[in-house]
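Coordinate analysis (summary)
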Amino acid sequence: MQTKTSHSLKPFISFTVFIALLVFTACKNEPKEEIVEQKVTAPVYGLIVDKAMVVSARAEASKIGKDILAKGGNAFDAMIATEMALAVAYPYAGNLGGGGFMVYRTQYGEIGSLDYREKAPIAAFKDMYLDEEGNVISALSKVGSLAVGVPGTIAGIFAVHEKMGSMPMEELLQPVIELAQKGYVVTQKQQGRFDAYAAVFDTVNGQKTLYSQGFKAGDTVKNIALAATLRAIQQNGRSEFYGGKTGIQLVDFLKKHDGIITIEDLEAYEAQWREPVVFDYKDLRIISMAPPSSGGVCLAQILKMIEPYDIKGYGHNSTKAIQVITEAERRAYADRSFYLGDPDFVKIPIDTLISEAYLNGRMDNFSFDLATKSSDLSHGEIPGYESSETTHYSIVDSFGNAIAVTTTLNGAFGSKLYSEELGFFLNNEMDDFSAKPGVPNMFGLLGAEANAVEPQKRMLSSMTPTLVEKDGEFWMSVGTPGGSTIITSVLQTILNVYEHEMTMQDAVNAPRFHHQWLPDMIMFEPNVFDSTVLENLKNFGYNVNQENSPVIGKVDGILVLPDGRLEGGADRRGDDTADGY
Ligand code: DON
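Residues numbered from 1 in each chain as written. Predicted model: local features only at pLDDT ≥ 70, side-chain atom pairs only at ≥ 80, totals over all residues. Heavy atoms only, no water.

The next subject is the sheet that holds strand E22 (residues 566–570). The strand order across the open sheet formed by seven strands is E3-E22-E21-E17-E16-E11-E10, and the pairing between neighbours is antiparallel. A strand with exactly one partner marks an edge of an open sheet, and here the two such strands are strand E3 (48–49) and strand E10 (277–281). Note that strand E21 (residues 556–560) and E22 share five bridges and pair antiparallel. Looking at E22, one finds that Leu559 is bridged to Glu567. Contacting E10, strand E11 (284–288), strand E16 (466–470), strand E17 (473–479) and E21, helix H14 (residues 486–498) runs over the sheet at an angle of about 140° to E17. (Pairing = 2+ DSSP bridges. Helix = DSSP H or I, 4+ residues; strand = E, 2+ residues; numbered from the N terminus. Contact = heavy atoms within 4.5 Å. Axes fitted to C-alpha atoms, helices over the stretch in contact; angles between N-to-C directions.)

As structure tokens, then:
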């Protein structure tokens with residue numbers, strides 16, 4: 001079920017076109033004429049199906065979700081099974097010990113979102129990651145028990161089930177339990193991740209655990225402990241995790257590792273239904289995640305700032321397009337670091353932040369002649385305001401319900417703490433708080449008071465599960481992991497399809513870049529951008545970084561084609577797979 005070229009849609013003919021883009025004639029810096037040789041190949045389509053689809057980071061999870069849809073379950077039923085199947089077959093990010101966000105649009109056009117983000121423990125406090133001199137002890141929020149936020153995923157799936165589910169929870173969890181028992185087969189990419197982290201797992205856990213055994217590609221992993229945990233949840237429901245035997249085992253495990261999460265923390269945890277961020281970009285209506293994710297607000301800010309510019313006319317990944325997008329990103333991330341946090345704790349001027357009046361003003365000092373310096377730019381002034389690893393999946397069912405879900409442990413395998421007894425990793429989401437103003441977190445993001453640690457507060461996220469409507473109808477579901485690069489990857493994927501008329505698969509595959517205000521540089525996926533474009537950007541004063549750029553995002557999405565069929569885009573950067581019927 002991997003992505004395929006659809007020969008039925010267009011014959012696959014490869015040809016080369018030379019396009020001379022003569023730009024910047026009016027610019028002071030006289031960049032090299034941008035004569036870009038663009039190799040234009042016929043579009044590559046992802047899997048195309050008639051009715052219903054799941055695209056996720058693992059074939060097993062997409063299949064389990066698809067089977068639920070084919071049995072007559074809706075997208076919400078499939079979400080529950082897919083989320084749990086990822087916890088089994090993709091322990092890198094799939095989880096019981098983490099949290100996430102879901103954005104939905106029903107077949108009747110109702111929209112909403114669920115926040116099942118982790119929370120700071122009751123015993124957490126503002127300076128908990130500082131030493132006596134007030135310096136950040138970086139590792140404390142990244143590995144081991146103090147990095148762990150109170151998990152929200154199990155509360156999330158039960159909240160979805162209660163409000164939107166149509167099949168019994170027992171039936172939804174059954175195939176997942178069987179997968180944990182029978183095992184899943186390790187892929188080559190997965191072996192690389194296990195190898196890379198095995199030594200850290202042993203240090204953090206003080207013993208060998210399931211995932212430090214040296215599994216190789218082709219091996220089958222059976223997680224019997226996780227099967228038992230899921231069975232207990234299947235039998236006893238949500239309270240099994242938030243106060244029952246599993247919860248007590250979890251708290252005991254964390255206590256043994258000097259953790260501060262108590263049974264009261266678990267009992268107090270609730271997932272929250274929240275109003276999504278909704279805005280227009282040209283004739284699209286975009287529905288994305290509201291705080292405590294910064295995703296929706298930043299995506300809205302960037303798209304509204306670039307809306308007046310001719311992104312399509314400049315050309316995909318051309319100097320001008322990269323300049324406009326970078327400058328909008330710079331300004332949005334500067335606002336993010338100042339204004340955004342948990343809305344249950346801080347007042348966020350969302351309406352102003354995404355208003356045209358405010359955003360036009362933010363771009364006032366943008367010029368094509370010279371890069372803005374991040375050091376010269378701060379958050380915008382709003383009168384009256386006081387002051388990785390993650391995974392995404394998209395599902396569309398045959399009824400017309402669509403969801404976008406991003407779920408995470410934060411870093412790869414979270415805090416690396418792994419409960420052998422319960423069979424899962426615990427998150428290190430506490431690192432998404434700002435441990436101290438001016439000190440970057442693992443994604444280089446800065447924060448202020450709005451995102452300081454407070455008991456029971458949710459840490460600010462960049463996760464951007466997003467749905468897009470066109471002409472009033474559902475058009476696209478999209479999202480990605482990638483920490484701070486999530487927002488800009490979602491942005492580029494939407495632009496690739498809408499402005500550059502790519503297929504969903506091509507849009508997901510296309511090279512990506514990223515700017516986040518600080519550090520002041522554009523990160524590029526290495527060796528895939530035109531060298532003239534990079535040279536021109538340098539001449540305009542941009543810091544171009546191809547060296548340290550990891551993969552920027554791993555996007556999964558579903559697009560409704562003009563004939564009503566669904567096209568999946570499963571990112572080639574991972575083992576991501578579309579499945580459907
Ligand atoms: O919520 C967030 O923004 C981060 N915890 C996401 C982490 C992530 O995407 C890691 N994946 N590469």
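Moving on from the model shown.
Within this structure, the stated rule accounts for 30 salt bridges. As a salt-bridge pair, Arg58 and Glu60 come within 2.8 Å of each other at their nearest N and O atoms. For Asp431, the salt bridge goes to Lys142, with nearest N and O atoms at 3.1 Å. Linked through salt bridges whose partners overlap, the residues forming this network are Asp115, Arg274, Asp344 and Arg458. (Salt bridge = Lys/Arg side-chain N within 4 Å of Asp/Glu carboxyl O.)

Attention shifts here to the pairing of strand E4 (residues 53–56). Because side chains alternate across E4, one face comprises the buried residues Met53 and Val55, and the other comprises Val54 and Ser56, equally buried. One ladder, built from three bridges, connects E4 with strand E12 (residues 389–396); its direction is antiparallel. Of the residues in E12, the one forming a bridge with Val55 is Ser394. With four bridges joining them, E4 and strand E23 (residues 577–580) adopt antiparallel strand pairing. For Met53, the partnering residue across the bridge sits in E23 and is Gly580. (Buried < 20%, exposed > 50% of the residue type's maximum accessible area, 1.4 Å probe, protein only.)

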